[in-house]
Amino acid sequence: MKEMEVRAIFAENLKKLRKQKGLSQLKLANEIQMAFTFINDIENCKKWVSPETLARFATFFGVPVSAFFTADNENSGNTISNLFVNTLCDEVVKTIKDVGERFC
């Protein structure tokens with residue numbers, strides 16, 4: 001699977017979660033203290049997220065990180081490579097621990 005396909009799946013899931021909460025891109029940006037343009041660029045596959053940003057999204061929406069990488073269409077399988085998701089999840093957990101140690 002190519003990087004742009006991963007970005008597209010992530011963007012679609014972010015948009016779906018945002019709409020389920022009844023939030024515009026601007027309201028989501030305000031809720032999680034990010035720039036509206038950044039949210040827009042992510043949803044339009046122009047920008048990618050850091051592990052910290054991914055953790056913020058997952059925490060805000062109350063979903064596991066893997067929820068952002070689950071594809072709905074039949075052609076993609078159910079989840080993007082488990083190895084990819086597990087590696088990314090490990091990186092997010094490490095980042096959260098590092099941030100916790102610095103600020104707590």
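This section reports on the structure supplied with the text. (Residues numbered from 1 in each chain as written. Predicted model: local features only at pLDDT ≥ 70, side-chain atom pairs only at ≥ 80, totals over all residues. Heavy atoms only, no water.)

1. A short note on the overall build of the protein chain
So the rule is basically this: Each helix corresponds to a stretch of at least 4 residues labelled H or I by DSSP, and each strand to a stretch of at least 2 residues labelled E; elements are numbered beginning at the N terminus. Working definition: with a 1.4 Å probe on protein chains only, accessible area under 20% of the residue-type maximum means buried, over 50% means exposed, and in between means partly exposed. Working rule for contacts: check all heavy atoms of both residues, and any pair within 4.5 Å makes them a contact. The method behind every accessible area is Shrake-Rupley, applied with a 1.4 Å probe, and residues are considered shielded solely by the protein chains displayed.
The helix and strand tally for the protein chain stands at 5 helices and 0 strands. The buried share of the protein chain, reckoned over its 104 residues, is 36%. A separation threshold of at least 6 residues defines the contact pool for the protein chain, and within that pool the share at least 24 residues apart is 57%. For the protein chain, the computed accessible surface area is about 6600 Å², with 52% contributed by carbon and sulfur atoms.

2. Things to note about the nonpolar core
Applicable threshold: Remark: nonpolar core denotes a set of buried residues (Ala, Val, Leu, Ile, Met, Phe, Trp, Tyr, Cys) joined through side-chain atoms within 4.5 Å.
The biggest cluster of nonpolar side chains holds 20 residues, and the ones touching the most others in it are Phe 10, Leu 14, Leu 28, Phe 57, Phe 61 and Phe 68. Of all the elements in the fold, those that place two or more residues in this core are helix 1 (3-20), helix 2 (25-31), helix 3 (36-43) and helix 4 (51-61). Leave out the neighbours within four places in its chain, and Leu 28 touches Leu 14, Arg 18, Leu 23, Ile 39, Phe 57, Phe 60 and Phe 61.

3. Regarding the side chain of Arg 18
Note the threshold: We call two N or O atoms a polar contact when they sit within 3.5 Å, provided that within protein one can donate a hydrogen and the other can accept it, with sequence-adjacent residues counted only if both atoms are side-chain atoms.
Relative to the helices and strands, Arg 18 is located in helix 1. Within the structure, the side chain of Arg 18 is placed 2.7 Å from the side chain of Glu 43, a separation counted as a polar contact. Once you skip the residues sitting within four places of it in the chain, Arg 18 turns out to touch Leu 23, Ser 24, Gln 25, Leu 28, Glu 43 and Phe 61.

4. Points about the packing of aromatic side chains
The geometry of two aromatic rings is summed up by the distance between their centres and the angle between their planes. Keep this limit in mind: When the centres of two rings from Phe, Tyr and Trp lie within 6.5 Å, Trp using its six-membered ring, the rings pair. Their planes under 30 degrees apart give stacked, over 60 give edge-to-face, and anything left gives tilted. Geometrically, a charge over a ring is one whose NZ (Lys) or CZ (Arg) sits within 6 Å of the ring centre while staying within 35 degrees of the ring normal.
Inspection of the entire model under this criterion finds 8 aromatic pairs. Relative to Phe 69, the ring of Trp 48 lies with its centre 6.5 Å away and its plane at 70 degrees, an arrangement referred to as edge-to-face. Taken as a pair, Trp 48 in the loop between helix 3 and helix 4 and Phe 69 in the loop between helix 4 and helix 5 (82-103) lie far apart in primary sequence, 21 residues in all. Through pairs of rings, three or more aromatic residues link up here, namely Phe 10, Trp 48, Phe 57, Phe 60, Phe 61, Phe 68 and Phe 69. When the ring centre of Phe 60 is taken as reference, the NZ or CZ atom of Lys 21 above it lies at 4.7 Å.

5. Some thoughts on the pattern of salt bridges
As a reminder of what qualifies: Within this document, salt bridges are pairs made up of a side-chain nitrogen of Lys or Arg and a carboxyl oxygen of Asp or Glu, the two lying within 4 Å of each other.
This model, assessed by the stated rule, comprises 2 salt bridges. For Glu 43, the salt bridge goes to Arg 18, with nearest N and O atoms at 2.7 Å. Here Arg 18 lies in helix 1 and Glu 43 lies in helix 3, a separation of 25 residues in the sequence. Taken as a pair, Glu 43 and Arg 18 share a single burial class, namely buried. A salt bridge links Lys 47 to Asp 41; its shortest N-O distance comes to 4.0 Å.

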